[in-house]
Amino acid sequence: MTYNYEQLMNSAKEASKMSYSPFSRFAVGAGVLAGSGKIYTGCNIENSSFGMTICAERCAIFKAISEGEKEILAVAIYSPNADNCYPCGACRQVMSEFESDSAELEVITENLGQLEVRKLSEFLPFGFKI
Ligand code: THU
(Lines give C-alpha, C1' and ligand atoms only; values in the text may rest on other atoms or scores of the structure.)
Protein backbone atom coordinates (compact mmCIF):
# COMPACT_ATOMS: atom_id res chain seq x y z
CA MET A 1 0.00 0.00 0.00
CA THR A 2 1.35 3.43 -0.85
CA TYR A 3 0.98 5.94 1.90
CA ASN A 4 2.19 9.35 2.93
CA TYR A 5 5.12 9.27 5.36
CA GLU A 6 4.62 12.92 6.24
CA GLN A 7 0.98 12.37 7.13
CA LEU A 8 1.81 9.39 9.34
CA MET A 9 4.57 11.37 11.10
CA ASN A 10 2.16 14.27 11.63
CA SER A 11 -0.26 11.90 13.35
CA ALA A 12 2.59 10.80 15.66
CA LYS A 13 3.41 14.43 16.44
CA GLU A 14 -0.22 15.18 17.29
CA ALA A 15 -0.39 12.09 19.50
CA SER A 16 2.77 13.07 21.41
CA LYS A 17 0.83 16.06 22.74
CA MET A 18 -1.38 13.63 24.68
CA SER A 19 1.60 11.94 26.37
CA TYR A 20 1.22 11.32 30.09
CA SER A 21 4.87 11.33 31.19
CA PRO A 22 5.22 13.24 34.47
CA PHE A 23 8.03 10.93 35.66
CA SER A 24 10.41 10.83 32.70
CA ARG A 25 9.22 14.09 31.08
CA PHE A 26 9.96 12.25 27.84
CA ALA A 27 6.91 12.55 25.59
CA VAL A 28 6.41 10.08 22.73
CA GLY A 29 3.71 9.79 20.07
CA ALA A 30 3.12 7.06 17.51
CA GLY A 31 1.07 6.84 14.34
CA VAL A 32 0.28 3.39 13.03
CA LEU A 33 -0.91 2.57 9.52
CA ALA A 34 -3.03 -0.57 9.71
CA GLY A 35 -3.99 -3.03 6.98
CA SER A 36 -7.34 -1.35 6.32
CA GLY A 37 -5.54 1.89 5.47
CA LYS A 38 -6.69 3.54 8.69
CA ILE A 39 -4.27 5.41 10.97
CA TYR A 40 -4.31 4.79 14.72
CA THR A 41 -2.39 6.89 17.20
CA GLY A 42 -0.99 6.40 20.67
CA CYS A 43 1.16 8.10 23.27
CA ASN A 44 3.27 6.89 26.17
CA ILE A 45 1.32 6.60 29.42
CA GLU A 46 3.35 6.37 32.61
CA ASN A 47 2.38 5.22 36.08
CA SER A 48 3.53 5.81 39.66
CA SER A 49 4.34 2.11 39.60
CA PHE A 50 6.89 2.64 36.83
CA GLY A 51 6.72 -0.84 35.31
CA MET A 52 3.10 -0.25 34.34
CA THR A 53 4.14 2.35 31.78
CA ILE A 54 3.16 1.68 28.18
CA CYS A 55 5.08 3.00 25.19
CA ALA A 56 3.40 5.08 22.50
CA GLU A 57 3.95 2.43 19.83
CA ARG A 58 2.30 -0.39 21.74
CA CYS A 59 -0.54 1.92 22.78
CA ALA A 60 -1.26 2.69 19.10
CA ILE A 61 -0.82 -0.91 17.91
CA PHE A 62 -3.09 -2.29 20.62
CA LYS A 63 -5.72 0.29 19.74
CA ALA A 64 -5.58 -0.86 16.11
CA ILE A 65 -5.75 -4.57 16.90
CA SER A 66 -8.55 -4.05 19.42
CA GLU A 67 -10.54 -2.30 16.69
CA GLY A 68 -10.31 -5.36 14.45
CA GLU A 69 -7.14 -4.69 12.45
CA LYS A 70 -5.09 -7.77 11.61
CA GLU A 71 -1.92 -6.23 10.22
CA ILE A 72 0.33 -3.24 10.86
CA LEU A 73 2.06 -1.81 7.78
CA ALA A 74 3.99 1.14 9.20
CA VAL A 75 4.74 2.89 12.49
CA ALA A 76 5.87 6.53 12.81
CA ILE A 77 7.44 7.53 16.11
CA TYR A 78 8.03 11.05 17.39
CA SER A 79 9.39 12.65 20.51
CA PRO A 80 9.79 16.39 20.96
CA ASN A 81 12.67 15.48 23.28
CA ALA A 82 14.87 13.47 20.91
CA ASP A 83 15.84 13.06 17.28
CA ASN A 84 15.30 9.63 15.75
CA CYS A 85 13.19 8.26 18.56
CA TYR A 86 13.73 4.58 17.76
CA PRO A 87 11.39 1.92 19.18
CA CYS A 88 12.39 0.01 22.31
CA GLY A 89 12.96 -3.75 22.17
CA ALA A 90 9.53 -4.65 23.54
CA CYS A 91 7.80 -2.54 20.88
CA ARG A 92 9.93 -4.09 18.12
CA GLN A 93 8.75 -7.52 19.22
CA VAL A 94 5.09 -6.40 19.22
CA MET A 95 5.49 -4.85 15.76
CA SER A 96 6.91 -8.15 14.51
CA GLU A 97 3.80 -9.99 15.75
CA PHE A 98 1.56 -7.92 13.46
CA GLU A 99 3.81 -7.50 10.44
CA SER A 100 2.18 -8.58 7.20
CA ASP A 101 3.52 -11.68 5.41
CA SER A 102 3.41 -9.76 2.14
CA ALA A 103 4.90 -6.36 3.08
CA GLU A 104 7.78 -5.52 5.39
CA LEU A 105 6.71 -3.22 8.21
CA GLU A 106 8.23 0.26 7.89
CA VAL A 107 9.41 2.35 10.83
CA ILE A 108 9.51 6.12 10.32
CA THR A 109 11.44 8.49 12.55
CA GLU A 110 12.51 12.10 12.22
CA ASN A 111 16.03 13.48 12.51
CA LEU A 112 16.62 17.23 12.26
CA GLY A 113 13.37 17.60 10.33
CA GLN A 114 14.24 14.80 7.88
CA LEU A 115 12.23 11.60 7.79
CA GLU A 116 14.10 8.33 8.10
CA VAL A 117 12.35 5.23 6.76
CA ARG A 118 13.64 1.81 7.74
CA LYS A 119 12.35 -1.75 7.72
CA LEU A 120 11.49 -3.49 10.98
CA SER A 121 13.99 -6.22 10.02
CA GLU A 122 16.78 -3.64 10.49
CA PHE A 123 15.65 -3.07 14.06
CA LEU A 124 14.89 -6.68 14.86
CA PRO A 125 17.03 -9.12 12.93
CA PHE A 126 16.54 -12.82 13.82
CA GLY A 127 13.33 -11.98 15.69
CA PHE A 128 11.35 -14.61 17.57
CA LYS A 129 8.07 -15.76 16.01
CA ILE A 130 5.93 -18.85 16.38
N1 THU B 1 8.95 5.23 25.40
C2 THU B 1 8.08 5.09 24.36
O3 THU B 1 6.94 5.56 24.43
N4 THU B 1 8.49 4.41 23.25
C5 THU B 1 9.73 3.88 23.10
O6 THU B 1 9.99 3.17 22.13
C7 THU B 1 10.78 4.14 24.10
C8 THU B 1 10.29 4.67 25.40
C9 THU B 1 8.51 5.97 26.59
C10 THU B 1 8.36 5.12 27.82
C11 THU B 1 8.55 6.15 28.93
O12 THU B 1 7.32 6.75 29.22
C13 THU B 1 9.47 7.19 28.32
O14 THU B 1 9.46 6.96 26.91
C15 THU B 1 10.89 7.13 28.82
O16 THU B 1 11.40 5.85 28.73
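Just so it is clear, the model here is predicted, and its values are computed rather than measured.

Student: Would you mind going over the site of the ligand in detail, with residue names and values included?
Tutor: In the region of the ligand, the neighbouring residues are Ser24, Phe26, Val28, Asn44, Glu46, Thr53, Cys55, Ala56, Glu57, Tyr86, Pro87 and Cys88. The separation between an oxygen atom of the ligand and a polar side-chain atom of Glu57 is 2.6 Å. Interatomic distance of 3.0 Å between a backbone N/O atom of Cys88 and an oxygen atom of the ligand. Expressed as a share of its isolated accessible area of 370 Å², the protein-covered part of the ligand is 77%. Partitioning the shell around the ligand into residue classes produces seven nonpolar, three polar and two charged.

Student: Can you explain unusual backbone geometry? Please cite residues and give values.
Tutor: Unlike most non-glycine residues, Arg25 shows phi in positive territory, near 55°. Here Arg25 shows up in the loop between helix H1 (5-16) and strand S1 (29-34). Overall, the relative accessible area of 63% leaves Arg25 in the exposed class. Even without a glycine there, the phi angle at Asn84 is positive, about 40°. Here Asn84 is to be found in the loop between strand S3 (72-78) and helix H3 (89-97).

Student: Go over the packing of aromatic side chains, please, and point to the residues and values.
Tutor: Any two aromatic rings considered together are summarised by their centre-to-centre distance and by the angle between their planes. Throughout the structure, instances matching the rule amount to three aromatic pairs. Consider the rings of Tyr3 and Tyr5, whose centres lie 5.0 Å apart with planes at 85°: the pair is edge-to-face. Judged by its relative accessible area of 32%, Tyr5 falls in the partly exposed class. Taking 5.5 Å as the distance between ring centres and 50° as the angle between the ring planes, the aromatic pair formed by Phe23 and Phe50 counts as tilted. With Phe23 in the loop between H1 and S1 and Phe50 in the loop between strand S2 (39-43) and helix H2 (56-66), the pair connects residues that are 27 residues apart, well separated along the chain. Classification of Phe23 as partly exposed rests on a relative accessible area of 41%.

Student: Give me H3: which residues, what numbers.
Tutor: Think of an α-helix as 3.6 residues a turn; residues three or four steps apart then line up on the same face. Looking only at H3, the buried set comprises Cys91, Arg92, Val94, Met95 and Ser96. Next to the buried residues of H3 lie H2, S3, strand S4 (106-111) and helix H4 (120-123).

Student: Please give an account of the pattern of salt bridges that cites residues and values.
Tutor: A full pass over the atoms with the stated rule returns five salt bridges. The shortest N-O distance in the salt bridge between Lys17 and Glu14 comes to 2.7 Å. If you follow the salt bridges from partner to partner, you end up with Glu116, Arg118 and Glu122 in one network.

Cut-offs used in this document
- Residues numbered from 1 in each chain as written.
- Predicted model: local features only at pLDDT ≥ 70, side-chain atom pairs only at ≥ 80, totals over all residues.
- Heavy atoms only, no water.
- Near = heavy atom within 4 Å.
- Polar contact = N/O pair within 3.5 Å; in protein donor to acceptor, adjacent residues only side chain to side chain.
- Areas by Shrake-Rupley, 256 points an atom, 1.4 Å probe, with all protein chains shown as cover.
- Nonpolar A, V, L, I, M, F, W, Y, C, P; charged D, E, K, R; others polar.
- Helix = DSSP H or I, 4+ residues; strand = E, 2+ residues; numbered from the N terminus.
- Buried < 20%, exposed > 50% of the residue type's maximum accessible area, 1.4 Å probe, protein only.
- Phe/Tyr/Trp six-rings, centres within 6.5 Å; stacked < 30°, edge-to-face > 60°.
- Contact = heavy atoms within 4.5 Å.
- Salt bridge = Lys/Arg side-chain N within 4 Å of Asp/Glu carboxyl O.

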